[in-house]
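A structural walkthrough
Here is what each chain is made of, one letter per residue.
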Amino acid sequence: MSDSNLPGTDLLKTVLEPLLEDFQHWFTRSRHLLETEQLSFMSHQEQSDLLLRVKQAQDELNTAKMLFTATDKQVGIDMATLMPWHQLVTECWNVAMRFRQTREA
């Protein structure tokens, strides 16, 4: 359990910084999969659309990370921004899991 008495900046650094890194990790992995594999269970258009959404999320994430760093990690990110990223990562996890299942079959 984390210390609820952490100053705001320390709390942001403790919670937000690793979260942003996780998003970066999963978006990078998802982008690589979508750019290097033809997914038989998705149409070309569906795969292209998902790749476009991942690229857009990466751009948004990079902007948020730059702002976070430029403000000496004193600015947060609205949940309205984080939730679509979370939903996109979940969608990408499902695609990756299905891709692994089709390769094993």
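Residues numbered from 1 in each chain as written. Predicted model: local features only at pLDDT ≥ 70, side-chain atom pairs only at ≥ 80, totals over all residues. Heavy atoms only, no water.

Looking up the protein in an unreviewed UniProt entry gives the name DUF2605 domain-containing protein, with the organism given as Nostoc commune NIES-4072.

**Let's talk about the pattern of salt bridges**
The final tally for this structure, using the stated rule, is five salt bridges. With its nearest N and O atoms 3.2 Å apart, the salt bridge here joins Lys65 to Glu21. In this pair, Lys65 sits in helix α2 (residues 44-70) while Glu21 sits in helix α1 (residues 8-36), placing the two residues 44 residues apart along the sequence. Across the salt bridge formed by Lys55 and Glu35, the nearest N and O atoms sit 4.0 Å from each other. Of this pair, Lys55 sits in helix α2 while Glu35 sits in helix α1, placing them 20 residues apart in sequence. Owing to a relative accessible area of 43%, Glu35 belongs among the partly exposed residues under this scheme. (Salt bridge = Lys/Arg side-chain N within 4 Å of Asp/Glu carboxyl O. Helix = DSSP H or I, 4+ residues; strand = E, 2+ residues; numbered from the N terminus. Buried < 20%, exposed > 50% of the residue type's maximum accessible area, 1.4 Å probe, protein only.)

**A short note on the packing of α2 against helix α3 (residues 79-104)**
One way to put it is that α2 packs onto α3 with a least axis distance of 11 Å and a crossing angle of 140 degrees. Here α3 runs oblique to α2, going by the angle between their axes. Of the two possible hands of crossing, α2 and α3 adopt the one that is left-handed. Residues Leu50, Arg53, Val54, Ala57, Glu60, Leu61 and Ala64 of α2 form the contact with α3, whose own contacting residues are Trp85, Leu88, Glu91, Cys92 and Val95. Of the residues in the contact of α2 with α3, the class split is nine nonpolar, no polar and three charged. (Axes fitted to C-alpha atoms, helices over the stretch in contact; angles between N-to-C directions. Parallel < 35°, antiparallel > 145°, perpendicular 65-115°, else oblique. Left-handed = near helix turned anticlockwise from the far one by under 90°. Contact = heavy atoms within 4.5 Å. Nonpolar A, V, L, I, M, F, W, Y, C, P; charged D, E, K, R; others polar.)

**Quick word on α2**
Between the first and last C-alpha of α2 there are 39 Å, a value that for 27 residues agrees with the 39 Å anticipated at 1.5 Å per step. Along α2, the residues classified as buried are Gln47, Leu50, Leu51, Val54, Ala57, Gln58, Leu61, Ala64 and Phe68. Phi turns positive, to about 55 degrees, at Asp72, one or two residues after α2. (Expected span 1.5 Å × (residues − 1).)

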